[in-house]
Structures are given as structure tokens and as C-alpha cells.
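Residues per chain are reported as follows:
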Amino acid sequence: MKERVDAILRRNQGEYLESLLPPRDALLEEMEKFADENNHPIADPEVTQLMRTIVRMKRPRRILEVGTNIGYSVIVLGRESDSEAVIETIEIDHNTLTTAKRFVSEAQLPCRVVFHEGAALDVIPRLTGPFDFVFIDCVKTEYGDYLDALLPKVARDAVIVCDNLLWKGQVAAGTHDGPTDALRAFNKRISNDPRLLTIILPLGDGTGISVVV
Ligand SMILES: C[S@@+](CC[C@H](N)C(=O)[O-])C[C@H]1O[C@@H](n2cnc3c(N)ncnc32)[C@H](O)[C@@H]1O
């Protein structure tokens, strides 16, 4: 979730683009309210709208999300998928995962959802894949490690979406702290890795789209 509407874009641009987003349905609205009231960092609606369009274009069958939280993105991705798709998602916090399971059950998605409880870096090595769509939205200092663990488990042409790559505007501003430095190094890496074709967009808190080539 971006920190302010003008952390990345100028305020009038951000507000205008937000005004064009389609309204969310009752369940997603309830989840946005729940997330806001309980300090849960779910993805921005413009980022989920981007993922909806990619899922519609690509029709992935094996989706992996790193960082479930309350299941908001799972529901967004699941609503664009069909009964042949499987979404696997990883969350370290037991209570948060229980909440996610409740919301996802309420959503009655057409696809199967597999929840993994544990630290992403412990869980990823146990997954088989191959995944054709990955959403990385977890510990910012671990993005490079997630990528290392995931690259052997993604299909050619898989799409990897990464959230928060401009991190409150701090990455470009030259701020130095753990997550900001890690994300700056990660952005450089995915922009230069010959196995990836990457664009980083000033969308939400900075969104990366990489295609595995
Ligand atoms: C930004 S939230 C994910 C939001 C979710 N993708 C969405 O848009 O609905 C990140 C989640 O990762 C979880 N998390 C933190 N450290 C983790 C770890 N090492 N392994 C797995 N999950 C972790 C947090 O508890 C949090 O719920």
C-alpha cells in the first residue's frame, strides 16, 4: 500500500487515476475497510486492477502469491481465474491466515486456493511449481531471496509482479535504510537480469512487471 496519494505521482494525477478505478464489490469493500481499521497492508486497488488485466490476458494456471495477508489479492486474482487455475499463497502469521481463509471462503472463488503457513523462504523450496504468475508482496529485504528461490520454479513466459518497488518514494529519493536499500538493489537486479524482461511502473507504491524470458 502506498503511503500517500502523492508519494509517487503528483497528487492531481494520482487522484484523477484513482477516480477512474471501477468500484469494488461488497466483499472487497468490506476487506478494504477491515484492512484500514486493523492496519493490514493490502495491495492498492490500482495494483490489483493491473493484475486483473494481466490475469485476463495470460490466463495463468499456477499462481503463487508471496504474502497473503487477509486474502484481498487472492480474491482479486481468483475472481479473474477459472476452475482450472490454482492459487498458492504464503503467510507467516497464523491469525492473519485464519482471517484470509474466512474471507476467501466467503468469496466462493471458481479456482482452488492452497494456503501455506510459514516463512516464505522456508515454504518456497517445498513448492513444486512451475508457476506462470507470481505476486511478490512480502518482506522487502527478502525480495532478492524470493527471486533466487523462485526462478527455478517459474515457467518460461511467467509474469512476476512485485509490489512496493518505489517504497514511499524513498527509493528514488536516495534514502538509506534496510528496505529502501534492498529494494533499490532489487530494482537494479530485475532491470538487468538477462532472464527477465522488466518494467517498473509508478503505479501504487511502485509496481514491477517482469516476464521470464
Ligand atoms: C503486504 S502484505 C500482503 C498483502 C496481500 N498480498 C494483498 O494484497 O492482499 C504482506 C504479508 O506478508 C506477511 N509476512 C511477513 N513476513 C513474512 C514471511 N517471512 N513469510 C511469509 N509471509 C510474511 C505479513 O504477515 C503480511 O500479511
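Refer to the structure above for everything that follows.
A brief look at the structure comes next. (Residues numbered from 1 in each chain as written. Predicted model: local features only at pLDDT ≥ 70, side-chain atom pairs only at ≥ 80, totals over all residues.)

Quick look at the sheet that holds strand E5 (residues 154-162)
As a reminder, the rule being used: A pair of strands is considered paired only if DSSP assigns at least 2 bridges between the two. Strands are runs of DSSP state E lasting at least 2 residues, helices are runs of H or I lasting at least 4, and numbering of each runs from the N terminus. Here an axis means a line fitted to C-alpha atoms, over the contact stretch when the element is a helix, while the angle between two N-to-C directions is reported on a 0 to 180 degree scale. Residues are scored as being in contact if the C-beta atoms we place from backbone atoms lie within 7 Å.
Pairing is mixed in the open sheet, where seven strands are placed in the order E3-E2-E1-E4-E5-E7-E6. Bordering the open sheet on either side are strand E3 (112-117) and strand E6 (196-201), each of which pairs with just one other strand. Going from strand to strand, the sheet's axes swing by 15° on average, the running direction of each strand aside. As defined by bridge partners, strand E1 (residues 62-66) adjoins strand E4 (residues 131-136) across four bridges and the pair is classed as parallel. For isoleucine 63, the partnering residue across the bridge sits in E4 and is phenylalanine 133. Across the sheet, helix H7 (residues 143-150) touches E1, E4 and E5, and the angle it forms with E4 is around 170°. Of the strands in this sheet, E6 and strand E7 (207-212) are in contact with helix H9 (residues 178-192), which crosses E6 at around 135°.

Focus: the site of the ligand
As a reminder, the rule being used: As a rule, any residue with its backbone-derived C-beta atom within 6 Å of a molecule or strand is reported as near that molecule or strand.
Within the structure, the ligand sits among 18 residues, and Ala43, Gly67, Asn69, Tyr72 and Ser73 are positioned closest to it. Listed by contribution, the elements that provide at least two residues to the shell around the ligand are helix H4 (72-79) and strand E2 (86-91).

Side note on unusual backbone geometry
Which entries qualify depends on this criterion: Whether a residue is buried, exposed or partly exposed follows from its count of other C-beta atoms within 10 Å of its own C-beta, namely 20 or more, 12 or fewer, or something in between, respectively; the C-beta atoms are built from the backbone.
The amide bond that connects glycine 129 to the next residue, proline 130, takes the cis arrangement and shows omega of -5°. Locating proline 130 in the fold gives a position in the loop between helix H6 (120-123) and E4. Positioned with a positive phi, asparagine 69 is a non-glycine residue whose angle comes to about 55°. On the secondary structure map, asparagine 69 appears in the loop between E1 and H4. A tally of 23 C-beta atoms within 10 Å means that asparagine 69 is categorised as buried. A positive phi is found at aspartate 157, a non-glycine position, where the angle reads about 75°.

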